[in-house]
Amino acid sequence: MNTEVEVNPYELLDIKVESTEQEIRTAYRKRSLKVHPDRNPNNANSARKFHELNQAYELLLDPLRRLALDAKLRQKQARAERFKSYDNKRKNMVEELEAREREFKKRKQEQEKEELRRWHETEEIKDQGRKLREEKERELREREEKKRKAVEEAQEDDVAAPFLGSMDTTVRLKYSLKSHPKLTTAEAIAKVLAPFGQTDDDSIVLSLKSSKKAAHKPPKFGTALVPFKQIGDAFAAVCASGRPERGLDNIEIDWVGGKEPPILIWLKKMGKLGAPSPPVSSVQTPHSVKEERAEVLQAQPTKDSSSFSTFPASFPDILSHSNSKVSEASGVDYESLTLMRLRQAERERLEREIREQEAED
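A brief look at the structure comes next. (Residues numbered from 1 in each chain as written. Predicted model: local features only at pLDDT ≥ 70, side-chain atom pairs only at ≥ 80, totals over all residues. Heavy atoms only, no water.)

Summing up its helical and strand segments, the protein chain has 12 helices and four strands in all. When each of the 361 residues of the protein chain is scored for burial, the buried share is 29%. Nonlocal contacts in the protein chain, meaning residues at least 24 apart in sequence, comprise 67% of its contacts between residues at least 6 apart. Here the protein chain has roughly 25100 Å² of accessible surface; of this, 51% comes from carbon and sulfur atoms. (Helix = DSSP H or I, 4+ residues; strand = E, 2+ residues; numbered from the N terminus. Buried < 20%, exposed > 50% of the residue type's maximum accessible area, 1.4 Å probe, protein only. Contact = heavy atoms within 4.5 Å. Areas by Shrake-Rupley, 256 points an atom, 1.4 Å probe, with all protein chains shown as cover.)

Below is the structure:
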């Protein structure tokens, strides 16, 4: 520490250089009681003074350190006496030299601080420039992305509706003969599906096969391919798959090939039919196909109404110019498209209610 040179321990303890160890201890006790922090809680310098007093006390009780201190004090005193003997000119020269040294050190420190400040300003400007550049690049990317999406949407709008294929109105039935022992003929299957619409009875393909492990036993399951006259009727049958209130208990109905016809996929993609809903365990509805057809006739737009009375918030304007293009290009008539929309919306509504009930339970 620099206390040995900067602060005179003898002056701190208010004793002479020739003081004994006992005199040092006595002086320390008196001074420590005056400057102790506990007795001077409002004095911010009391802790520093008490610390300096302790250091001076420890130094003077150490013989070797005290000898070194005495030697430095004598040198300092001798230098002061020599300096007194200098003439005024030499004193002025020494003082001027020391002042120049102090001024040089001060300028150097200020120069270093100025350089550090400029460096921080430069870094801050660089950081701001980098942030601005990144912001501009982000805005540019967003604009490009919006343009790209707009072009893609425009291209999607320009995509022509696919034509109705020969197998697009055909559905596949799979059922248990134990639950439906009478479904062994094409006429019986056509009768079960009659509530959904007209079927091509002559083109129904029926397969009753036994399992490979028990080929000699009577068949347990039946499979049939049933073509409908209208795709809307086929869509209604697929939507009612497995529903007991429609007479389809334990009867699975799906599209041929396991996927929807391209025209239905296109209608959903273009927002003409509604988005597909997640499957639920069971769906119940109070409406029959006849009731749905009656709703279609009642819900056709008039001059005073622009939406359906049954589902006013579920469908777009089906008499728009775009829907007429769909009907012309795909071969799906107005009534079929309307029925498919009704069934799809009713299905989504019922499934949503069932999910809400399951969540409450």
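Having seen the model, we can carry on.
For the structure shown, the criterion picks out one aromatic pair. Both rings, one in Tyr28 and one in Tyr57, keep their centres 4.0 Å apart while their planes meet at 15°; by these two values the pair is stacked. In this pair, Tyr28 is assigned in helix α3 (residues 21-35) and Tyr57 in helix α4 (residues 46-61), connecting sequence segments 29 residues apart. (Phe/Tyr/Trp six-rings, centres within 6.5 Å; stacked < 30°, edge-to-face > 60°.)

Moving on, we get to the packing of α4 against helix α5 (residues 63-85). Each pair of packed helices can be summarised by the angle the axes make with each other and by the distance between the axes. For the pair α4 and α5, interaxial distance at closest approach is 5 Å and the crossing angle is 100°. In terms of orientation, α4 lies roughly perpendicular with respect to α5. Contact residues: Glu58, Leu59, Leu60 and Leu61 in α4; Pro63, Arg65, Arg66 and Leu69 in α5. (Axes fitted to C-alpha atoms, helices over the stretch in contact; angles between N-to-C directions. Parallel < 35°, antiparallel > 145°, perpendicular 65-115°, else oblique.)

What follows deals with the pattern of salt bridges. Within this structure, the stated rule accounts for 15 salt bridges. Across the pair Glu103 and Arg107 runs a salt bridge, and its minimum N-O distance is 3.9 Å. Of this pair, Glu103 and Arg107 both sit in helix α6 (residues 88-158), four residues apart, roughly one helical turn. With its nearest N and O atoms 2.5 Å apart, the salt bridge here joins Arg130 to Asp127. Of this pair, Arg130 and Asp127 both sit in helix α6, three residues apart, which is roughly one turn of the helix. Accessibility expressed as a relative area gives 36% for Arg130, which makes it partly exposed. On the accessibility criterion, Asp127 (25% relative accessible area) is partly exposed. Through salt bridges with shared partners, a single network forms among Glu114, Arg117, Arg118 and Glu121. (Salt bridge = Lys/Arg side-chain N within 4 Å of Asp/Glu carboxyl O.)

Attention shifts here to the packing of α3 against α4. Between α3 and α4, whose axes approach to 10 Å, the crossing angle comes to 175°. Classified by the interaxial angle, the pair formed by α3 and α4 is roughly antiparallel. Contacts from Glu21, Ile24, Arg25, Tyr28, Arg31, Ser32 and Val35 of α3 reach α4 at Ser46, Lys49, Phe50, Leu53, Asn54, Tyr57, Leu60 and Leu61. When its residues are assigned to classes, the contact of α3 with α4 shows eight nonpolar, three polar and four charged. (Nonpolar A, V, L, I, M, F, W, Y, C, P; charged D, E, K, R; others polar.)

Membership of the largest hydrophobic core comes to 32 residues, with the highest contact counts inside it found for Val171, Leu173, Leu193 and Ile253. At the level of secondary structure, the elements contributing two or more residues to this core comprise β1 (170-176), α7 (186-193), β3 (221-227), α8 (231-239), β4 (251-255) and α9 (262-269). Top contributing element to this core by residue count: α8, with seven residues. Not counting residues within four places of it along the chain, the set of residues in contact with Ile253 comprises Val171, Arg172, Leu173, Leu193, Ala237, Val238, Ser241 and Leu248. In terms of nonpolar packing, the next biggest core, distinct from the first, is built from 13 residues, Ala27, Val35, Tyr57 and Leu60 among them. (Core = buried A, V, L, I, M, F, W, Y, C linked by side-chain atoms within 4.5 Å.)

In this model, α5 (23 residues) spans 33 Å end to end at C-alpha, consistent with the 33 Å of a helix rising 1.5 Å per residue. Looking at where α5 begins, the residue whose side-chain oxygen comes 3.3 Å from the main-chain nitrogen of Leu64 is Asp62. (Expected span 1.5 Å × (residues − 1). Polar contact = N/O pair within 3.5 Å; in protein donor to acceptor, adjacent residues only side chain to side chain.)

Turning next to a positive patch on the surface. The grouping of Lys30, Arg31, Lys34 and Lys49 at the surface amounts to a positive patch. It is α3 that contributes the most residues to the positive patch, three residues altogether. With respect to the helices, strands and loops of the structure, Lys34 is situated in helix α3. What makes Lys34 exposed here is its relative accessible area of 59%. (Patch = residues over 30% accessible without salt bridge, like charges linked within 9 Å, V, L, I, M, F, W, Y side chains within 5 Å. Lys, Arg positive; Asp, Glu negative; His and termini not counted. Charge placed at Lys NZ, Arg CZ, Asp CG, Glu CD.)

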